[in-house]
Amino acid sequence: MLKINKQDALNYHSQEPAGKLEVVPTKPMSTQLDLALAYSPGVAEPCKAIAENPDDVYKYTAKGNLVAVISNGTAVLGLGNIGPAASKPVMEGKGVLFKKFAGIDCFDIEIDATDPDEFIRIVKSLEPTFGGINLEDIKAPECFRIETELREKMNIPLMHDDQHGTAIITSAALLNALEIVGKKIDEVKLVVSGAGAAAVSCLRLYLALGLNKDNVVVFDKDGIINAQRTNLDPIQMQFATSRAVTTLEEAMTGADVFLGLSAANVLPAGLLLLMANDPIVFALANPDPEVSYQLAMATRDDLVMATGRSDHPNQVNNVLGFPYIFRGALDVRATEINEAMKLAAVRALAELSKEPVPEIVNKAYGDNTLAFGRNYLIPKPLDPRLITSISPAVAKAAMESGVARLPIENWLAYEDQLRARLGVNQKLMNRITSAARANPKRVVFAEADNYKILKAAQILLDEGICKPILLGPQEKIEAIARESSLDLEGCEIINILKQDTKRDEYANLLYQKRQRRGMTLYEGRRLMRERNYYAAMMVETGEADACITGLTKDYGKSIIPSLQVIGTEEGVKRVSSMYIIQHKKGPYFFADTTVNINPTAEEMVEIIGLTARAVRFFDAVPRVAVISYSNFGSNAGPLPEKTRRATELAKQRFPDLLIDGEMQANVALSPALLQEHYGFSPLAEKGANTLIFPNVESGNIAYKVLQEISGTEVIGPVLMGMRKPVHIMQLGASVRDIVNMAAIAVVDAQTGSKAL
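Residues numbered from 1 in each chain as written. Predicted model: local features only at pLDDT ≥ 70, side-chain atom pairs only at ≥ 80, totals over all residues. Heavy atoms only, no water.

(A) Quick peek at the pattern of salt bridges. In the structure shown here, the tally under the stated rule is 45 salt bridges. Taking the shortest distance from any N to any O, the salt bridge between Arg385 and Asp383 comes out at 2.7 Å. Under the relative-accessibility criterion, Arg385 is labelled buried at 16%. We classify Asp383 as buried; its relative accessible area is 0%. We note a salt bridge from Asp500 to Arg503, for which the minimum N-O separation is 3.1 Å. Of this pair, Asp500 and Arg503 both sit in helix H21 (residues 500-514), three residues apart, which is roughly one turn of that helix. The structure contains a network of salt bridges with shared partners spanning Lys88, Glu92, Asp108 and Glu110. (Salt bridge = Lys/Arg side-chain N within 4 Å of Asp/Glu carboxyl O. Buried < 20%, exposed > 50% of the residue type's maximum accessible area, 1.4 Å probe, protein only. Helix = DSSP H or I, 4+ residues; strand = E, 2+ residues; numbered from the N terminus.)

Below you can see the structure in the form of structure tokens.
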């Protein structure tokens with residue numbers, strides 16, 4: 001599990017703008033007419049339309065895609081009753097997940113009310129504003145009454161995710177686990193540790209799936225729940241057992257399933273030996289489960305296990321459910337989220353697990369063995385198919401159960417809308433980082449006596465992305481780490497000036513490589529006192545898997561050592577570089593942005609080939625536009641002629657590549673403009689996602705302007721065409737830039753064959 005530094009977490013939330021959410025206008029606001037339409041007097045027209053027909057609120061406002069995450073902070077996961085203000089970071093975080101995974105806009109609302117009647121009244125009054133309500137972190141037993149009454153009083157989808165999210169995910173996992181071990185749900189014996197909101201909701205859903213209540217035994221912190229208990233809510237008491245058991249040991253004897261929603265280490269591993277054959281254990285306490293995964297698996301080799309942790313198989317993560325459930329409910333304007341919709345989500349999740357895992361998911365988790373079985377009961381959170389599997393299933397169930405007010409007629413078109421709304425490629429760096437964690441490599445940082453490098457190294461180490469090797473004076477590196485409270489334990493630190501034997505070895509290798517390029521052995525020894533040369537030689541000799549440098553020197557000086565020591569891959573005459581522009585519509589790829597100053601048409605063809613290959617490495621299909629100030633011959637001049645020639649040559653060399661040019665950048669990116677004026681272009685249907693610039697000036701200017709004025713995240717530069725993974729950062733790159741590039745370098749090194 002990731003190790004989180006307290007100050008990092010505080011800095012993350014406090015950096016400007018504070019928090020994790022902001023409001024962004026969706027319409028132009030640049031002219032007096034825009035303002036008059038947005039507000040007075042134009043706004044009166046939609047107001048009158050809604051007054052006449054209340055359902056028009058969905059047509060003229062954002063209500064149909066707006067969810068409120070509401071809490072009073074009385075039961076925040078792992079923190080308890082911390083109050084509404086202290087719960088706000090959690091609720092903002094939930095809002096971010098809604099947006100990221102399902103494209104749903106969100107406001108978090110923290111209510112200073114612990115009295116259920118007052119809380120219910122406040123939430124009910126918000127119905128005109130929101131399309132849906134996600135209740136969060138409200139303590140039991142009040143949460144049961146609050147949700148029940150609000151569902152009865154409100155006509156928009158509402159769900160307490162603490163209850164139903166876990167129930168839906170574990171239900172899917174349980175169905176699949178039972179199928180794998182060959183048991184029937186109505187016959188299994190279940191032991192539950194915990195009697196809070198999540199446990200009660202899980203049991204209710206399991207009963208709906210066929211579980212026999214007589215086969216259930218529930219424990220809370222005070223012991224077994226039976227008829228003699230007088231201190232529990234009636235909702236919890238409905239699961240009181242009449243069986244003659246009093247201890248956990250007695251209950252576990254012969255049990256088929258254990259469900260833990262309680263606290264760490266409450267289940268002794270020895271009790272697993274008392275369970276029936278092929279036992280199923282869901283130990284979901286976080287961060288530490290009711291029984292350690294390693295200990296449990298070592299105790300029984302026939303065990304099927306799930307936890308709440310991402311570093312073990314079968315992670316039960318609510319993000320597999322709530323974004324997509326609300327997405328489906330909103331899209332049909334459901335009046336509630338009912339049992340039919342929850343069960344539909346369960347079955348959609350369970351069925352998706354049985355489908356072949358796409359390569360994009362295998363790559364994200366660095367695991368080509370993912371397949372339905374004991375270690376893959378439910379899909380992974382980064383699976384892009386979740387939205388097109390769960391949301392349509394929920395929407396259909398809403399229609400069939402009579403709670404949908406806007407039925408969907410064209411399901412294929414709806415799935416296309418879901419993909420377009422989310423932009424599945426927004427998860428690009430998530431997949432790269434997850435893949436890196438699956439098989440971290442050794443990355444050498446040549447400029448390690450720098451705070452940004454050391455901070456990035458700590459993050460990379462904590463997140464398990466790579467094994468950092470830091471080049472620089474050890475005393476200085478350790479001093480920076482102490483001053484900045486950085487924990488570099490696990491990082492290898494090398495002062496190359498104290499590595500005389502290794503430097504001589506490297507100098508001889510460099511001399512052999514470059515002796516017919518004018519280099520003497522003396523020169524080789526001198527150069528090996530420079531960290532960029534030493535780092536490149538570590539990669540060349542296999543003592544490191546990748547190299548990151550360039551933070552403190554200009555690009556040209558930083559790249560020369562790697563070119564001389566490692567060189568380009570076979571068949572590549574010159575390297576080139578690419579930036580990834582992370583936009584809400586998906587990633588865009590810009591090349592060449594840093595290396596080739598003014599390439600010829602023939603050199604541009606090589607840039608096109610390397611870029612197309614790199615785009616595929618990032619799981620995107622390249623749609624390439626060669627950029628100029630001319631559209632298909634509309635202007636004359638050396639530059640349009642060069643780009644036209646490059647396009648023609650590239651089409652000949654890469655006949656399967658979707659490419660066109662020369663064209664202006666706005667035309668290349670706009671399917672509407674292409675279809676209106678240049679319908680003959682093969683890019684007319686979707687527009688370009690990959691722009692090849694005619695020289696480094698235009699490419700460099702374009703990405704930097706975009707980065708500064710649009711707030712778009714820019715990743716790079718990605719160096720393409722090197723024989724081994726090397727990436728040269730831009731002068732002054734941020735810590736986040738360094739972490740991203742290190743993750744990319746690791747995944748490149750994992751492939752074993754050149755991908756970048």
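Picking up where we left off.
(B) Highlighting the sheet that holds strand S18 (residues 658-663). The strand order S18-S17-S19-S16-S15-S20 describes an open sheet built from six strands, whose pairing is mixed. With one partner strand each, in any of the chains shown, S18 and strand S20 (713-720) form the two edges of the open sheet. Strand-to-strand, the axes of this sheet are offset by a mean angle of 20°, without reference to chain direction. Bridging between strand S15 (residues 576-583) and strand S16 (residues 586-591) involves six bridges; their strand directions are antiparallel. Bridge pairing in S16 links Ile581 to Tyr588. (Pairing = 2+ DSSP bridges. Axes fitted to C-alpha atoms, helices over the stretch in contact; angles between N-to-C directions.)

(C) Quick look at the environment of Leu527. Inspection of the secondary structure assignment puts Leu527 in helix H22 (residues 521-527). When the C-alpha positions of Leu527 and Arg503 are compared, they lie 9.4 Å apart, and in sequence the two are 24 residues distant. Apart from the residues within four sequence positions on either side, Leu527 is in contact with Leu510, Met519 and Tyr533. (Contact = heavy atoms within 4.5 Å.)

(D) How the structure looks around the nonpolar core. Counting residues in each nonpolar core, the largest one holds 102 residues, and the members touching the most others are Ile133 and Phe282. Once residues lying within four places of it in the same chain are set aside, the contact partners of Phe282 are Thr170, Ala173, Leu174, Tyr206, Phe258, Leu259, Gly260, Ala306 and Leu377. (Core = buried A, V, L, I, M, F, W, Y, C linked by side-chain atoms within 4.5 Å.)

(E) Layout of the packing of aromatic side chains. Taken as a whole, this structure holds 12 aromatic pairs when the rule is applied. Where Phe98 meets Phe322, the ring centres are 4.9 Å apart and the plane angle is 65°; that geometry is what we call edge-to-face. Taken together, the residues span a long stretch of sequence, with Phe98 in helix H5 (residues 84-102) and Phe322 in helix H13 (residues 322-331) at a distance of 224 residues. Looking at Phe98, the relative accessible area reads 0%, which means it is buried. Here Phe322 falls in the buried class, since its relative accessible area comes to 2%. Ring geometry for Tyr506 versus Tyr534: centroids 4.9 Å apart, planes at 65°, classification edge-to-face. Placement of the pair is Tyr506 in helix H21 and Tyr534 in helix H23 (residues 531-540), with a sequence separation of 28 residues. (Phe/Tyr/Trp six-rings, centres within 6.5 Å; stacked < 30°, edge-to-face > 60°.)

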